[in-house]
Amino acid sequence: QVQLVESGGGLVQAGGSLRLSCAASGRTFSSYAMGWFRQAPGKEREFVAGVSWSGGNTGYSDSVKGRATISRDNAKNTVYLQMNSLKPEDTAVYYCAATNVPTAVVVTTTWGYYYWGQGTQVTVSS
C-alpha cells in the first residue's frame, strides 16, 4: 500500500514559481513511475508531468513544457514538480500519482496510475 501526500500549493501571481512536493509511504516507492496531474473546475483531470522509477525518463504536457521540471528523490520517497512562469490557466488542483508496478517509462494516462494523493490547490492570479 502506498499513500501520497501533496504539499506546496498556494496563491501566486502570474509569472511566479511554485514547487510542489509529493511524499510517499511504502517501501517500493522507488520502483514506481510517478506523475503529476491537474484538474481545473469543470474540466477533466489532465497529465502535467511524469517520471520513470529511476528518474531517467521524464515527460511533460505541451502546456507546461519548458516551464515545469519533475524530479524525484527515492531516498526521501518524494517527487517534486517545479513550476515557473506560472499563468492563470495553470490554476487547478494538482494531484500526485503512482503506478503499482515497476515502471521504467513515463506514464501519461490517468488509468495508468493506481495510487493518488488528495491534491493541492494552485491558484495563479493575473
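For clarity, every value in this text was computed on a predicted model and none was experimentally measured.

Q: What is the right way to look at the nonpolar core in this model?
A: Soluble globular proteins tend to bury their nonpolar side chains together. Ranked by internal contacts, the top residues of the largest apolar core, which has 29 residues, are Leu-4, Met-34, Trp-36, Val-79, Leu-81 and Tyr-94. Judged by nonpolar contacts, the second largest core, of six residues, contains Phe-37, Phe-47, Ala-97 and Val-107.

Q: I tried to follow unusual backbone geometry on my own but got confused; where do I start?
A: Even without being glycine, Asn-77 reaches a positive phi, approximately 55°. Among the structural elements, Asn-77 can be located in the loop between strand S7 (68-73) and strand S8 (78-83).

Q: Help me out: how do you make sense of the sheet that holds S8 in this one?
A: Paired through backbone hydrogen bonds, the strands of a sheet run either parallel or antiparallel to each other. Spatially, S1-S3-S8-S7 is the arrangement adopted by the four strands of the open sheet, whose pairing is antiparallel. Across the chains shown, the open sheet's two edge strands, defined by having one partner strand only, are strand S1 (4-7) and S7. Between one strand axis and the next, the sheet turns through 15° on average, direction left out of account. Both strand S3 (residues 18-24) and S8 contribute to a ladder of six bridges, which runs antiparallel. The partner of Ser-21 across the bridge, within S8, is Tyr-80.

Q: Looking at this structure, I do not really get the pattern of salt bridges. What am I missing?
A: Any two side chains of opposite charge can pair, given that their charged atoms come close. This model, assessed by the stated rule, comprises four salt bridges. Salt-bridge contacts for Glu-46 lead to Arg-38; the nearest nitrogen and oxygen are separated by 2.6 Å. Residue Glu-46 is classed as partly exposed on the basis of its relative accessible area, which comes to 35%. A residue is classified by how much of its surface remains accessible, and Arg-38, at 5% relative accessible area, is buried. Of the charged contacts in the structure, one is a salt bridge between Asp-90 and Arg-67, with a shortest N-O distance of 2.8 Å. Remark: Arg-67 occurs in the loop between strand S6 (58-60) and S7 and Asp-90 occurs in the loop between S8 and strand S9 (92-102); sequence separation between them is 23 residues. Across the pair, Arg-67 and Asp-90 agree in class, each one buried.

Q: For this particular structure, what's the right way to read the state of the cysteines?
A: Each disulfide consists of one covalent bond between the sulfur atoms belonging to two cysteines. Throughout the structure, instances matching the rule amount to one disulfide. What pairs with Cys-22 in a disulfide is Cys-96, and their sulfur atoms sit 2.1 Å apart. Measuring handedness by torsion sign, the sulfur bridge of Cys-22 and Cys-96 sits at about -80° and is left-handed. With a gap of 74 residues between them, Cys-22 in strand S3 and Cys-96 in strand S9 connect regions that are remote in the sequence. By the burial criterion, Cys-22 is buried, and Cys-96 matches it.

Q: Got a minute to help me understand the packing of aromatic side chains in this structure?
A: Aromatic ring pairs are defined here through the distance separating the ring centres and the angle between the ring planes. Within this structure, the stated rule accounts for six aromatic pairs. Summarising the aromatic geometry, the rings of Tyr-114 and Tyr-115 are spaced 4.8 Å apart at their centres and angled 80° between planes, so their arrangement reads as edge-to-face. When its relative accessible area of 11% is taken as the criterion, Tyr-115 is described as buried. Taken together, the aromatic side chains of Phe-37, Phe-47, Tyr-113 and Trp-116 make up a single cluster linked through ring pairs. The ring centre of Tyr-80 lies 4.0 Å from the NZ or CZ of Arg-19, which sits over that ring. The ring of Phe-29 has Arg-72 lying over it, and the distance from NZ or CZ to the ring centre is 4.7 Å.

Cut-off values and rules
Residues numbered from 1 in each chain as written. Predicted model: local features only at pLDDT ≥ 70, side-chain atom pairs only at ≥ 80, totals over all residues. Heavy atoms only, no water. Core = buried A, V, L, I, M, F, W, Y, C linked by side-chain atoms within 4.5 Å. Buried < 20%, exposed > 50% of the residue type's maximum accessible area, 1.4 Å probe, protein only. Helix = DSSP H or I, 4+ residues; strand = E, 2+ residues; numbered from the N terminus. Pairing = 2+ DSSP bridges. Axes fitted to C-alpha atoms, helices over the stretch in contact; angles between N-to-C directions. Salt bridge = Lys/Arg side-chain N within 4 Å of Asp/Glu carboxyl O. Disulfide = S-S within 2.5 Å. Phe/Tyr/Trp six-rings, centres within 6.5 Å; stacked < 30°, edge-to-face > 60°. Lys NZ or Arg CZ within 6 Å of the ring centre and 35° of its normal.

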